[in-house]
Amino acid sequence: MIPDNIKKDHVFMAIKEIDENGIPASRNSTKFQLFYNNKLYPPKYVLSLANKYANGKELQPWEFSGGVETNNFLEKLGFKIVSKAPSQIKTGPEKDNKDCHVARSKGGIKNKHNHRCSECKNTIIDMFRVIFGNVKIEHKMEIKARLEDYIYDSYYKDLATIYNALKNYRGNESFVRSKFLKSCDLYIPQPGFVVELDESQHFSEARKISLTHYPKGLKTGFNVNKWIEQCEKIMSKDNNPHDRDEQRAWYDTLRDFLPLIKGLQPTVRISLLDYTWCELDPNKEEDVELFKSLVLNIDTEKKENNKSSEKVRIATACLQSDGHYTNESRTRLLFELIDKLDQKADLILLPAGFYQTSNDPKTLYARLNKVIVQYLEKLNSNMAICLGIDGRCGLDQMAVLFTRNGLQAIGRKFYPTDFEEIDGADSYLSLEDSYSRVFELKGKKFYMAVCYDVFGIKKERLKNPGIDVILDLVHQFHPIGEDNSGDVLFAKHGFAGASKHWGCPIFGAAVFFNREIPKNWPTGVIWDCNKKNTRNWRYTDNPLTHYEEILIRGDENVLIRLFEI
C-alpha cells in the first residue's frame with residue numbers, strides 16, 4: 001500500500017534524485033512512464049524514492065503494486081502517466097555527446113550507439129592505463145610500407161602472397177604511395193605491443209582477402225576468423241581514392257606483422273562496432289576483468305590448441321509438476337537425481353526457481369551448501385549441481401552452482417520480460433556477493449543464464465566473454481493457450497538465438513506445469529544453420545543430440561537427458 005502522506009513535493013525530490021543518479025537497471029518500467037519536463041521516469045521507482053522523503057525510507061517493490069495503484073496515485077497528485085515511451089521523448093538524464101547517442105534499455109544495457117563514439121576510445125585508453133600503466137597515443141613507429149623493403153626477410157613470401165592477392169582483387173597495382181606507415185593508434189611500451197581501433201572502413205572485401213592469406217604461424221592479438229566474418233557482414237567500400245580499400249588492407253597487414261618486423265608482441269585489434277566500450281568503468285574491477293577477457297589473449301589458434309579435449313557430461317533435468325511441492329520435497333528429489341546420475345554426469349542442470357523463499361535467497365545458500373556438500377562427500381562425487389533459487393516472491397531470480405567444495409558461482413537475472421519487475425543484475429557479467437556467474441569445468445568456461453537472459457544475449461548483442469557453454473535455467477511452461485506456454489518460441493529465439501550469437505552450445509532445463517514434457521523439446525542446442533534466421537529454425541536443424549534419456553516417476557516426474565561435449 002502506498003502511504004497517503006506522500007505529496008507532490010516529495011515526488012519532485014524523487015525526480016531530482018533520478019536526474020542526478022540515474023535509474024537502476026532493475027527499476028526500469030516496462031509498460032508505463034511518468035512524463036515530466038519532457039522526460040520519462042518509471043512510476044513505481046519514483047514513488048519508492050518519494051517515500052524516502054516523506055517517511056524516511058525507500059519503499060521496496062514488493063510493498064506496493066505498480067500499474068493501476070501507482071498510476072492512479074500519481075495522477076491524483078497531478079502528474080501525467082503515459083504508455084511506454086516513444087523514441088523521440090527523452091528518458092531520464094541524457095548525456096550530451098554528439099559522437100555518442102545512447103538510450104537506456106532493458107537490463108541497463110544501452111543501444112542506438114555510434115561506433116565512432118569518442119568516449120569509447122577514451123574508455124579503451126583508460127582501461128589499458130589501468131592494466132599496463134604507460135600508454136602512448138598516436139605513436140610514431142618506423143614501419144616501412146613497400147613490399148620490396150622486406151625482400152631479404154624470412155616472411156617476405158607471406159607478405160608477397162598477400163600483396164599480390166590485393167593487386168589481383170581489382171587490378172590496382174599502385175596502392176602503396178608512402179615510404180612509411182602513419183602512427184599506430186596506441187602503443188603499450190610494457191610489455192610492448194600495438195593496439196589498433198578498427199571502425200567500419202577496416203572491414204572490407206580487400207581486408208578479407210588479406211586476412212584469408214595470413215600464414216598459419218602468424219601470432220595475432222585478435223580473432224582472425226571473426227574479423228573475416230565482420231568483413232563479410234559489413235563489406236565497407238571506400239573509393240576515395242579508388243584503391244583506398246587495398247591500401248588500408250595492406251597497411252593493416254603490416255601492423256599485424258609487427259611481431260615479425262619489430263619483434264613486438266602480437267598486435268591487438270579492437271572492433272569499435274560490436275561493443276559499447278563507453279559502458280565500461282575503468283574504476284570497477286569487474287569491468288576491467290571483462291575488458292581483459294574481451295580484448296587480451298584472444299588468439300583463436302592459441303586458444304584452440306590450449307582448450308581441454310576432456311569431455312564434459314551434462315545432465316539436463318526437466319520437471320513435470322502439478323505445483324504441489326516444497327523445498328523439502330525438492331531436496332529429496334535432488335538427492336534422488338544425484339544417486340541416479342553419480343558416475344554418469346559431471347554436471348546436473350535444474351530449472352530456475354527450483355527452490356523458493358519469500359526471504360532473501362541468501363538465507364538458503366548456507367543451508368543448501370551444507371546439505372549438498374555433505375551428500376556429495378558421502379558419495380565421494382565430483383558432480384557439479386546447477387539450480388535456481390527465487391527469493392522475495394520472484395524479485396530475486398538466481399542461478400547457483402554447488403560442488404563438494406561448496407558454493408562456487410552465483411548469477412542474478414539481468415534481462416526481465418516485459419511483464420515483470422525484478423531486482424536485476426547491473427550487467428550480464430556483474431559479480432554477486434563476490435561470486436561470478438562464470439565457472440570452469442574440465443577446462444571449459446560455463447555461463448549461467450536465468451530464464452529470459454538468453455533473449456538478452458541476442459537482443460542486446462552482448463559480447464561473448466570467452467564462454468564455451470551456456471546453461472539456461474528456465475522457470476516454467478504452462479498448458480498451451482495459457483500464459484507462459486511458449487516453449488517453442490523459447491527454444492527457437494532463446495536457445496537457438498543465444499547459441500547463434502555466442503557461437504557455442506546451450507543447455508536448458510524447465511518445469512512443465514500441468515502438462516507433459518514435450519518429447520522433442522530440445523534441452524541442448526547448437527546453432528549450425530549458417531545465416532538462417534531463428535524465425536525459420538526448426539528442431540530438426542539442431543545437430544546436438546543426447547546419448548541417453550532417463551525418466552524418473554514420482555510426485556514430480558523428471559526427464560533427464562545426458563549430453564557429452
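Computed from a prediction, not measured in an experiment: that's the story for all the values here. (Residues numbered from 1 in each chain as written. Predicted model: local features only at pLDDT ≥ 70, side-chain atom pairs only at ≥ 80, totals over all residues. Heavy atoms only, no water.)

**Remarks on the pattern of salt bridges**
Tallying each qualifying case throughout the model produces 29 salt bridges. Between Arg170 and Glu246 there is a salt bridge, with its nearest N and O atoms 2.8 Å apart. Of this pair, Arg170 sits in helix α5 (residues 156-170) while Glu246 sits in helix α8 (residues 244-256), and the two are 76 residues apart along the sequence. With relative accessibility at 35%, the residue Arg170 sits in the partly exposed group. Glu420 is paired through a salt bridge with Lys413; the nearest N and O atoms lie 2.6 Å apart. Classification of Lys413 as buried rests on a relative accessible area of 2%. Within this structure, Asp198, Arg207, Asp252, Asp256 and Arg269 form a network of salt bridges that share partners. (Salt bridge = Lys/Arg side-chain N within 4 Å of Asp/Glu carboxyl O. Helix = DSSP H or I, 4+ residues; strand = E, 2+ residues; numbered from the N terminus. Buried < 20%, exposed > 50% of the residue type's maximum accessible area, 1.4 Å probe, protein only.)

**Here's the deal with the nonpolar core**
Core analysis: the largest hydrophobic core is formed by 84 residues, its most contacted members being Phe128, Ile270, Trp277, Tyr447 and Ile470. Among all residues touching Tyr447, those that are not within four sequence positions of it are Phe414, Tyr428, Leu429, Arg437, Val438, Ile457, Ile467, Val469, Ile470, Leu471 and Trp502. (Core = buried A, V, L, I, M, F, W, Y, C linked by side-chain atoms within 4.5 Å. Contact = heavy atoms within 4.5 Å.)

**Notes on the sheet that holds strand β8 (residues 184-188)**
An order of β7-β8-β9-β10 is seen for the four strands of this open sheet, with the pairing classed as mixed. The sheet terminates laterally at β7 (136-139) and β10 (268-271), the two strands that pair on one side only. Taken over all neighbouring pairs, the strand axes of this sheet differ in orientation by 30 degrees on average, direction set aside. Judged from the four bridges that link them, strand β9 (residues 193-198) and β10 form a sheet pairing that is parallel. Its bridge partner lying in β10, Leu197 is registered against Ile270. (Pairing = 2+ DSSP bridges. Axes fitted to C-alpha atoms, helices over the stretch in contact; angles between N-to-C directions.)

**Some thoughts on the side chain of Thr316**
Position of Thr316 relative to the elements: it lies in strand β11 (residues 313-321). Residue classification places Thr316 among the buried positions, given a relative accessible area of 0%. Within polar-contact distance, the side chain of Thr316 engages the side chain of Thr523 at 2.9 Å. Beyond its immediate chain neighbours, meaning those up to four positions away, Thr316 contacts Leu349, Phe507, Gly508, Thr523, Leu559, Ile560, Arg561 and Phe563. (Polar contact = N/O pair within 3.5 Å; in protein donor to acceptor, adjacent residues only side chain to side chain.)

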